[in-house]
Amino acid sequence: MTEEDYKNGQVLLIDKPLTWTSFQVVNKLRWHIKQRFNIKKIKVGHAGTLDPLATGLLIICTGKQTKEINTYQGQIKEYTGTFTIGSTTPSYDLETEVDETFSTEHITSDLLKETTLQFIGDIQQKPPIFSAIKKDGKRLYELARKGETTEIKSRTVTISEFEITKVALPNVEFRVVCSKGTYIRSLAYDFGKALNSGAHLSVLRRTKIGEFSVENAESIEGFIEKLKSED
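Rules used in this analysis
- Residues numbered from 1 in each chain as written.
- Predicted model: local features only at pLDDT ≥ 70, side-chain atom pairs only at ≥ 80, totals over all residues.
- Heavy atoms only, no water.
- Phe/Tyr/Trp six-rings, centres within 6.5 Å; stacked < 30°, edge-to-face > 60°.
- Helix = DSSP H or I, 4+ residues; strand = E, 2+ residues; numbered from the N terminus.
- Buried < 20%, exposed > 50% of the residue type's maximum accessible area, 1.4 Å probe, protein only.
- Patch = residues over 30% accessible without salt bridge, like charges linked within 9 Å, V, L, I, M, F, W, Y side chains within 5 Å.
- Areas by Shrake-Rupley, 256 points an atom, 1.4 Å probe, with all protein chains shown as cover.
- Salt bridge = Lys/Arg side-chain N within 4 Å of Asp/Glu carboxyl O.
- Core = buried A, V, L, I, M, F, W, Y, C linked by side-chain atoms within 4.5 Å.
- Contact = heavy atoms within 4.5 Å.
- Lys, Arg positive; Asp, Glu negative; His and termini not counted.
- Charge placed at Lys NZ, Arg CZ, Asp CG, Glu CD.
- Arc of directions from axis to C-beta.

In this section: the packing of aromatic side chains. Throughout the structure, instances matching the rule amount to 10 aromatic pairs. Arranged with centres 4.3 Å apart and planes meeting at 10°, the rings of Tyr-92 and Tyr-189 form a pair that is stacked. With Tyr-92 in the loop between β5 (87-88) and β6 (100-101) and Tyr-189 in helix α6 (residues 184-194), this pair connects stretches of sequence that are 97 residues apart. Using a relative accessible area of 16% as the deciding quantity, one classes Tyr-92 as buried. With 6.3 Å between their ring centres and 75° between their planes, Phe-119 and Phe-162 make a pair best called edge-to-face. With Phe-119 in the loop between α4 (109-116) and β7 (121-125) and Phe-162 in strand β10 (residues 155-168), this residue pair connects regions lying 43 residues apart in the sequence. Taking the relative accessible area as the measure of exposure, Phe-162 reaches 5% and is therefore buried. Through pairs of rings, three or more aromatic residues link up here, namely Phe-83, Phe-119, Phe-162, Phe-174 and Phe-191.

A few words now on unusual backbone geometry. For the bond from Leu-169 to Pro-170, the omega torsion is 10°, close enough to zero to count as cis. Examined against the element boundaries, Pro-170 turns out to sit in the loop between β10 and β11 (171-178). One non-glycine residue, Thr-19, adopts positive backbone phi at about 80°. Residue classification places Thr-19 among the exposed positions, given a relative accessible area of 53%.

Next up on the list: a nonpolar patch on the surface. On the surface, a nonpolar cluster with roughly 270 Å² of combined accessible area is contributed by Leu-18, Leu-53 and Leu-94. Looking at where Leu-18 falls in the secondary structure, it is placed in the loop between β1 (11-16) and α2 (22-37).

So, on to the nonpolar core. Counting 25 residues, the largest nonpolar core has Phe-83, Phe-162, Phe-174, Val-176, Ile-184 and Phe-191 as its most contacted members. Apart from the residues within four sequence positions on either side, Phe-191 is in contact with Phe-83, Leu-112, Thr-115, Thr-116, Phe-119, Phe-162 and Ile-164. Residues Leu-12, Val-25, Leu-29 and Leu-58 belong to the second largest nonpolar core, which totals 17 residues.

On the surface, Lys-41, Lys-43, Lys-64 and Lys-67 cluster together into a positively charged patch. If you trace the backbone, Lys-67 turns up in the loop between β3 (54-62) and α3 (69-73).

Let us look at α4. All of the buried residues in α4 are Leu-112, Thr-115 and Thr-116. The buried residues of α4 occupy an angular sector of 105° when projected down its axis, which confines them to one face. What points out from α4, more than 90 degrees from its buried face, is the exposed set Asp-110 and Glu-114. Of the surrounding elements, those touching the buried residues of α4 are β10, β11 and α6.

Moving on, we come to the pattern of salt bridges. Scanning the model with the defined rule gives eight salt bridges in all. Across the salt bridge formed by Arg-175 and Glu-78, the nearest N and O atoms sit 2.8 Å from each other. Residue Arg-175 is located in strand β11, and its partner Glu-78 is located in strand β4 (residues 77-85); the two are separated by 97 residues in the primary sequence. Note on accessibility: Arg-175 and Glu-78 belong to one class, buried. Arg-175 serves as the salt-bridge partner of Glu-163, at 2.6 Å between the closest nitrogen and oxygen. Note that Glu-163 is positioned in strand β10 and Arg-175 in strand β11, a separation of 12 residues in sequence.

Written out as structure tokens, the structure is:
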């Protein structure tokens, strides 16, 4: 592809690696596109944040295609991952240490599958305190890291599919198809409570956004190599 192709707009499918922020991916790709074509600036943005501890599909838009970011953000998403049953963390994932433990003796495969039914359809969900949502001009995770508590309003999200794919307690693997704005970390926490136990998210991978699949995505390194070899 040429400099003009990137300026006119491209949709890049990237498989985000573990520990990278979505912002770091955007910065890396922007820097390499600028270097490759010796240009001072080009618009590059992502269509939907993935937490650093998540992997999977990140849609990156360049040039004029950045105007379509909101369209991609609004599409339904599919995730796979693992809930660890019997313990919770303040961030609802592995960013923070376990703060409470619960019994799992009563949990069976049938109970797990029955409990998923409570979460299918339109549900009320509170975002995690450790999230990038802004309140009074500050991101919630900034307040959380200072130990400040704040009241978070619940919001309506839609879960169209929620299935348990493997049970090896305390770990339970799942697949979820959901609307924009759904926090899988919050789903883990609420699912644990509904089981009369606790749970946190230990693995998360985004596999689809609308018609786009992670199967068609490339690694950051793969994109950079292809960029260098383009005429």
